[in-house]
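Next come the chains, spelled out residue by residue.
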Amino acid sequence: SKSVASAFAIEYFSQRGISLDTPVNDLLRRSGSKFQIPEGDTVTIEHLMSHRALNLHYVNGVPATRKMPAITEFLNGNSEFGYDPVKVVNPPGEKFQYSGGGFLVLEHLI
């Protein structure tokens, strides 16, 4: 699923003239999102897809019997479903650490 999501994101941003080197917090501000990656001004779209910046090793599901919360609830942390807030855990681009949080931010951007 991550490969398909990345291929879609590459095409989505390319069609809009947005480089994968674009800082994510800049895009979030421009889109009107209230979410910002804390201390994440150097995190780029590419970092979201390459697992080289953010936390959340695993993205928990939500039972089908429950109402799906807004994605910003997951980004900011949702203890009911076991989500810590998305944050930078490594200097962007320097170390691989599997990051479901990167894909949550990518989904929010798209």
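Refer to the structure presented above.
The text that follows walks through the structure, step by step, so that each part is easy to find. (Residues numbered from 1 in each chain as written. Predicted model: local features only at pLDDT ≥ 70, side-chain atom pairs only at ≥ 80, totals over all residues. Heavy atoms only, no water.)

**Points about the overall build of the chain**
Point 1. Scanning the chain from N- to C-terminus turns up five helices and zero strands.
Point 2. Beginning at the N terminus, the succession of helices and strands in the chain can be written as α-α-α-α-α.
Point 3. Whereas a compact globule of 110 residues would reach a radius of gyration of roughly 13 Å, the chain reaches 13 Å, a difference of no more than 12%.
Point 4. Counting only C-alpha atoms and orienting by the principal axes, one finds that the chain spans roughly 40 × 30 × 25 Å.
Point 5. Out of the 110 residues belonging to the chain, those deemed buried represent 40%.
Point 6. For the chain, the proportion of contacts with a sequence separation of at least 24, taken over those separated by at least 6, is 64%. (Helix = DSSP H or I, 4+ residues; strand = E, 2+ residues; numbered from the N terminus. Rg over C-alpha atoms; globule rule 2.2 N^0.38 Å. Buried < 20%, exposed > 50% of the residue type's maximum accessible area, 1.4 Å probe, protein only. Contact = heavy atoms within 4.5 Å.)

**Regarding the pattern of salt bridges**
Point 1. Following the criterion strictly, the structure yields three salt bridges and no others.
Point 2. Across the pair Glu46 and Arg52 runs a salt bridge whose closest N-O atoms are separated by 2.7 Å.
Point 3. Of the charged contacts, one joins Arg66 and Glu80 as a salt bridge, the two residues approaching to 1.9 Å between their closest N and O atoms. Separated by 14 residues along the polypeptide, Arg66 in the loop between α3 (45-50) and α4 (71-75) and Glu80 in the loop between α4 and α5 (100-109) bring together distant segments of the chain. (Salt bridge = Lys/Arg side-chain N within 4 Å of Asp/Glu carboxyl O.)

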